[in-house]
Amino acid sequence: MKTRITLLTIATSAMLWGCGSSNSTDSKELADSTNEAMADTAQDAGATAAVAEEDSKFAVDAANGGLAEVQLGEAAQSKGSDPKVKEFGKMMVTDHTKANEELKTLAASKNITLPTAPSEEMMKAAADVTEKSGKEFDKAYIAQMKKDHDKTIKLFEDGQKNCKDPELKAFIEKTLPVLRTHKEHIESIDKSK
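Residues numbered from 1 in each chain as written. Predicted model: local features only at pLDDT ≥ 70, side-chain atom pairs only at ≥ 80, totals over all residues. Heavy atoms only, no water.

Draft legend 1. Expanded view of helix α4 (residues 83–110). For α4, spanning 28 residues, the distance from its first C-alpha to its last is 40 Å, which sits close to the expected 40 Å at 1.5 Å a residue. Where α4 is concerned, the buried positions are Val 85, Phe 88, Gly 89, Met 92, Val 93, His 96, Ala 99, Asn 100, Leu 103, Leu 106, Ala 107 and Lys 110. Those residues of α4 that are buried lie in contact with α3 (53–79), α6 (134–162) and α7 (166–191). Regarding α4, its N-cap is Asp 82, as a side-chain oxygen of that residue lies 2.7 Å from the backbone nitrogen of Lys 84 further along. In the segment just after α4, Asn 111 is the residue with positive phi, at about 60°. (Helix = DSSP H or I, 4+ residues; strand = E, 2+ residues; numbered from the N terminus. Expected span 1.5 Å × (residues − 1). Buried < 20%, exposed > 50% of the residue type's maximum accessible area, 1.4 Å probe, protein only. Contact = heavy atoms within 4.5 Å. Polar contact = N/O pair within 3.5 Å; in protein donor to acceptor, adjacent residues only side chain to side chain.)

Following this line, the structure appears as structure tokens:
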């Protein structure tokens, strides 16, 4: 029975990947669709999904945000004019790459598909920031980081309350203080401007 579920899951994932899920190339949407299809396939086969749908949704959203933070952090290191912005960008790359790798390993063990690139929405926000240069870049980057960290902290706090998987909860508990430190740091940089 398990082999049948796995084959159905693989077939469904391949179909979604090949069809582009509504002609979309958005990696986040594809990951969400794949996870939903796997949960539906397991349910149709009379099995229970390996993780709750809310847990896989959290993992996808967290990965999406983490990928975007790394991308913007790399831009801050190369385009930032303020050394504090460059330093913060380096911290984003280091910390979010580490968290992304931990989440990727955890998701693989739970059979959760994660996005491989930031969503189209995140890419657009990044493009809006990276089209600027000098002090205008610094200002836009700081504003985006404040906004992103508010959103990400809320995502993790909600995950802390709603996620069911104990390993995913442990990841949240470990990562949330780092995110709060990032928020304090970027607010400090903003106040010093």
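Draft legend 2. Broad picture of the packing of helix α5 (residues 120–130) against α6. With their axes 8 Å apart at the nearest point, α5 and α6 run at an angle of 155° to one another. Considering the angle they form, α5 stands roughly antiparallel to α6. Taken together, the residues of α6 that come into contact with α5 (itself represented by Glu 121, Ala 125, Val 129 and Thr 130) are Phe 137, Ala 140, Tyr 141, Gln 144 and Lys 151. In the contact of α5 with α6, the residues fall into five nonpolar, two polar and two charged. (Axes fitted to C-alpha atoms, helices over the stretch in contact; angles between N-to-C directions. Parallel < 35°, antiparallel > 145°, perpendicular 65-115°, else oblique. Nonpolar A, V, L, I, M, F, W, Y, C, P; charged D, E, K, R; others polar.)

Geometric descriptors of this kind do not, in isolation, establish any biological role.
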